[in-house]
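What follows is the residue order along each chain.
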Amino acid sequence: MNPGIAQLQPYPFEKLAALKAGCEPPRTLEPIALYIGEPRHPTPSLITEALIAHLHGLAVYPSTRGLPALRQAIADWLTGRFALPAGSLDPERQILPVNGTREALFAIAQAVVDPSRAPLVLMPNPFYQIYEGAALLAGAQPHFLPCLPENGFFPDFASVDAATWDRCRLLYLCSPANPSGAVLDLDSLSRLIELAQAHDFVIASDECYAELYLDESTPPPGLLQAAAALGNTQFTGCICFHSLSKRSNAPGLRSGFVAGDARLIEQFYAYRTYHGCAMPLPTQHASLAAWSDEAHVRANRALYREKFAAVVELLAPVLPVEAPAAGFYLWPRTPIPDTDFVRRLFAEQNVTLLPGSFLSRPHNGQDPGANRVRIALVPPLDECVEAAWRIRRFVEGL
Ligand SMILES: Cc1ncc(COP(=O)(O)O)c(C=O)c1O
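Notes on the structure follow. (Residues numbered from 1 in each chain as written. Predicted model: local features only at pLDDT ≥ 70, side-chain atom pairs only at ≥ 80, totals over all residues. Heavy atoms only, no water.)

Let us look at the packing of aromatic side chains. As enumerated under the stated definition, the model contains 16 aromatic pairs in all. Taken together, a centroid distance of 5.5 Å and an interplanar angle of 35 degrees make the contact between Tyr-304 and Phe-328 tilted. Of this pair, Tyr-304 sits in helix 13 (residues 295-315) while Phe-328 is found in the loop between helix 13 and strand 9 (329-330), placing the two residues 24 residues apart along the sequence. One aromatic cluster is present, formed by Trp-77, Phe-82, Phe-257 and Trp-291 through successive ring pairs. Lying over the aromatic face of Tyr-35, Lys-20 brings its terminal NZ or CZ to 5.6 Å of the ring centre. Against the face of Phe-346 rests Lys-20, its NZ or CZ located 4.3 Å from the ring centre. (Phe/Tyr/Trp six-rings, centres within 6.5 Å; stacked < 30°, edge-to-face > 60°. Helix = DSSP H or I, 4+ residues; strand = E, 2+ residues; numbered from the N terminus. Lys NZ or Arg CZ within 6 Å of the ring centre and 35° of its normal.)

In structure tokens, the structure reads:
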């Protein structure tokens, strides 16, 4: 067997099920789930209608490269969104559709890591667990970089030594970050691109929350934008990942894309033809419709803004909560250990959150997820408000 399989950790939701086992929440309270990052706003009809209108596309095998029109729509979207120089992205050579970013974030490690060179894959901690599994199954060693509040919930990249960068083959970035919602600024992205060039590693920038930002006038910057600002308009060493799951409330569509360095994309394409993960044609047409429309995304942001405002106001008297720059999570510190907090809140109030330590790994004697909880404001406003009242009552009773 691949030895990496034995090293895989249970998924956070499996740990959560075990944590809740045996609890009997009050039957009088409806369950409220704020633990999973699954958007619950309705999928826009422009997506569902395009999907239905192209169902006949199921009769043919799709190509791994995807429809030229889809790649062109993505290139146009990226160019506009990140103010890239006109024509800098070639849709033929620099963009591939993927069946959700999860599979692509996993697959990129398999494509770029050479396991014979004792490689490291660097990643934030806490993190989206796919990064770790991808590193292990690619034969690399995951190297965790703690994301602490004193560093804006991002790794202190300056403290990583040259020997570590030399062994690094792949760096996963996640901005806006899951779970903190923090956004990496353009300067930090630029410095990382320079490091990637100096030490010959690839940056995989997970930007799947990039379209859910709270200040309408300040969209989070992206990796390709930083590369272009440095004059790296070939995007050498850079690959970004975008998804329709959160942006367009379509997690079941399984649609995203990768874009960036043509040389990397070409190798990744070769890998993917064997991996067998071409996107079905109806999904491609629905995706084309989604990337070509911004009105539904603006409306989506407005809903999250409303929920953050209401919930933060209710929780602020009892928990240190602040609305993040982006994403749909709150990431407060807990007055008791995070696992106790989650278990007792569920038992007493029938509200389920995710313990922070289920998203992190202890490292050098500290666990950057410990004593925090992730609160996903994915249900409708009234449910989020009801949950906030229940969390508040629970904390007041501690
Ligand atoms: C940080 C992060 N990256 C990637 C994904 C995967 O999203 P999808 O596969 O739906 O595009 C998620 C989903 O929760 C996520 O939180």
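Spanning 21 residues, helix 13 covers 31 Å between terminal C-alpha atoms, matching the ideal 30 Å at 1.5 Å per step. His-296, Val-297, Asn-300, Arg-301, Tyr-304, Lys-307, Phe-308, Val-311, Val-312, Leu-314 and Leu-315 are the residues of helix 13 that are buried. Seen end-on, helix 13 carries its buried residues on one side only, within an arc spanning 160 degrees. Buried residues in helix 13 make contact with helix 3 (45-53), helix 10 (244-247), helix 12 (281-291), strand 9, strand 12 (373-376) and helix 15 (381-396). (Expected span 1.5 Å × (residues − 1). Buried < 20%, exposed > 50% of the residue type's maximum accessible area, 1.4 Å probe, protein only. Arc of directions from axis to C-beta. Contact = heavy atoms within 4.5 Å.)

This part takes up a nonpolar patch on the surface. Side chains of Met-1, Ile-5 and Leu-8 sit close together on the surface and give an oily, nonpolar patch of about 350 Å² of accessible area. Mapped onto the elements, Met-1 comes out in the segment before helix 1 (3-7). (Patch = residues over 30% accessible without salt bridge, like charges linked within 9 Å, V, L, I, M, F, W, Y side chains within 5 Å. Areas by Shrake-Rupley, 256 points an atom, 1.4 Å probe, with all protein chains shown as cover. Salt bridge = Lys/Arg side-chain N within 4 Å of Asp/Glu carboxyl O.)

Right, let's talk about the pattern of salt bridges for a bit. Counted by the stated rule, this structure contains 12 salt bridges. We note a salt bridge from Arg-305 to Glu-216, for which the minimum N-O separation is 2.6 Å. You can see Arg-305 sitting in helix 13 and its partner Glu-216 sitting in the loop between strand 6 (202-206) and helix 9 (223-229), a full 89 residues away along the chain. Judged by its relative accessible area of 29%, Arg-305 is partly exposed. Assessed through its relative accessible area of 33%, Glu-216 is described here as partly exposed. Here the salt bridges do not stand alone but share partners, grouping Glu-216, Arg-301 and Arg-305 into one network.

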